[in-house]
Amino acid sequence: MKATPVPAIHGAFLFEPTPYTDERGFFSRTFDRDVVASVGIDPDGFVQDSVSRSVKGVLRGMHLRSGAGEAKLVRCSFGAVFDVVVDLRPDSPTYRNKAYFELSGHSQVSLYIPAGCAHGFQALTEPADVSYRIDRAHDPAEDVSIRFDDPDLAIPWPLPPALMSSRDKRAPSLAEALKGV
């Protein structure tokens, strides 16, 4: 497994596994404590693992947490997603930068998203499973959403949104959301 910094988002990393493939399929390590620690991330800091399954076109995001924020390690374990990260840390050298990725079950690449960055994705396949490893227990009072189609973000979503949560449909603009962070 190798760790590669994401130039557009300070502190973000892609973790690329080295799968073993044969006629049966593949075997791949999806988390390596030593590799994660080698780039300055505390592997023992993660407290929760979660998974979401989405049908093609589902859009989840853009989400972040207020207060201390929330760092996460995300991976598409089955199918494929268009994944988006926006740096919303005012003191970051990459403040307001965006980065886009296609994460897939084929590649098994994981993306580390630092606390203070907004995150969202759109399912490109039927279905798409996304696994999350999160560094804080969830507190709904700290949830922050930003409109997926905010013109200040100008995210090039690849598909028309098929479904969204009511929370995401009601999400405020980036400027309004940042007042609460």
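Residues numbered from 1 in each chain as written. Predicted model: local features only at pLDDT ≥ 70, side-chain atom pairs only at ≥ 80, totals over all residues. Heavy atoms only, no water.

This paragraph deals with the pattern of salt bridges. A side chain of one charge can pair with a side chain of the opposite charge when the charged atoms of the two come close. Under the defined criterion, the tally for this structure stands at 12 salt bridges. The closest approach of N and O atoms between Glu-70 and Lys-72, which form a salt bridge, is 3.7 Å. Exposure class is identical for Glu-70 and Lys-72. Each is buried. With a closest N to O distance of 3.8 Å, Arg-167 and Asp-143 form a salt bridge. Here Arg-167, found in helix 2 (residues 166–169), pairs with Asp-143, found in strand 13 (residues 143–145); they are 24 residues apart in sequence, far enough to count as distant. Judged by its relative accessible area of 28%, Arg-167 falls in the partly exposed class. Among the charged side chains, a salt-bridge network with shared partners connects Arg-65, Glu-70, Lys-72, Arg-136 and Glu-142. (Salt bridge = Lys/Arg side-chain N within 4 Å of Asp/Glu carboxyl O. Buried < 20%, exposed > 50% of the residue type's maximum accessible area, 1.4 Å probe, protein only. Helix = DSSP H or I, 4+ residues; strand = E, 2+ residues; numbered from the N terminus.)

Of the volumes computed, that of the largest pocket is approximately 450 Å³. Taken together, 22 residues form the lining of the largest pocket, with His-63, Lys-72, Tyr-132, His-138 and Arg-167 sitting closest to its centre. Those elements giving two or more residues to the lining of the largest pocket turn out to be strand 5 (48–54), strand 6 (59–65), strand 11 (117–123), strand 12 (128–134), strand 13 and helix 2. (1 Å grid on protein atoms, 1.4 Å probe; cavity = no way out; pocket = protein on both sides within 12 Å on 5 of 7 lines; lining within 4 Å. Points joined across faces, edges and corners; volume = space filled by probe spheres on them.)

This part takes up the nonpolar core. Ranked by internal contacts, the top residues of the largest apolar core, which has 21 residues, are Val-6, Phe-101, Leu-103 and Leu-111. Of all the secondary-structure elements, those providing two or more residues to this core are strand 7 (72–78), strand 8 (80–87), strand 9 (98–104), strand 10 (110–113), strand 11 and strand 12. Per-element accounting of this core gives the leading share, four residues, to strand 12. When residues no more than four places from it in sequence are discounted, the contact partners of Phe-101 are Val-6, Leu-14, Val-81, Phe-82, Asp-83, Val-85 and Leu-111. Listed in part, the 17 residues of the second largest apolar core include Leu-59, Met-62, Ile-146 and Ile-155. (Core = buried A, V, L, I, M, F, W, Y, C linked by side-chain atoms within 4.5 Å. Contact = heavy atoms within 4.5 Å.)

As a further point, take empty space enclosed by the protein. The tally for this structure, following the rule as stated, stands at one cavity of 30 Å³ or more. Taken as a whole, the largest cavity spans an internal volume of roughly 30 Å³. Lining the largest cavity are His-63, Leu-64, Arg-65, Gly-69, Glu-70, Lys-72 and Cys-117. When its residues are assigned to classes, the lining of the largest cavity shows two nonpolar, two polar and three charged. (Nonpolar A, V, L, I, M, F, W, Y, C, P; charged D, E, K, R; others polar.)

This paragraph deals with the sheet that holds strand 7. Spatial strand order, 1-2-10-7-12-5: six strands in an open sheet with antiparallel pairing. Looking at the sheet topology across the chains shown, the edges are occupied by strand 1 (2–5) and strand 5. Within this sheet the neighbouring strands show an average axis-to-axis angle of 25°, counted without direction. Bridge count between strand 2 (residues 13–16) and strand 10: three bridges; the pairing is antiparallel. Bridging across to strand 10, Phe-15 finds its partner in Ser-110. (Pairing = 2+ DSSP bridges. Axes fitted to C-alpha atoms, helices over the stretch in contact; angles between N-to-C directions.)

This part is about the pairing of strand 12. Most of strand 12 is tucked away, with six of its seven residues classed as buried. As judged from the six bridges shared by strand 7 and strand 12, these two strands associate in the antiparallel manner. Bridge pairing in strand 12 places Val-74 opposite Tyr-132.

Okay, the packing of aromatic side chains next. Enumeration according to the criterion identifies four aromatic pairs in this entry. Look at Phe-82 and Tyr-100: their rings are 5.6 Å apart centre to centre, the planes differ by 20°, and that puts the pair in the stacked class. Note that Phe-82 is positioned in strand 8 and Tyr-100 in strand 9, a separation of 18 residues in sequence. Overall, the relative accessible area of 33% leaves Tyr-100 in the partly exposed class. By way of ring pairs, the aromatic residues Phe-82, Tyr-100 and Trp-157 are connected into one cluster. The aromatic ring of Phe-31 is capped on one face by Arg-133, whose charged end is 4.3 Å from the ring centroid. (Phe/Tyr/Trp six-rings, centres within 6.5 Å; stacked < 30°, edge-to-face > 60°. Lys NZ or Arg CZ within 6 Å of the ring centre and 35° of its normal.)

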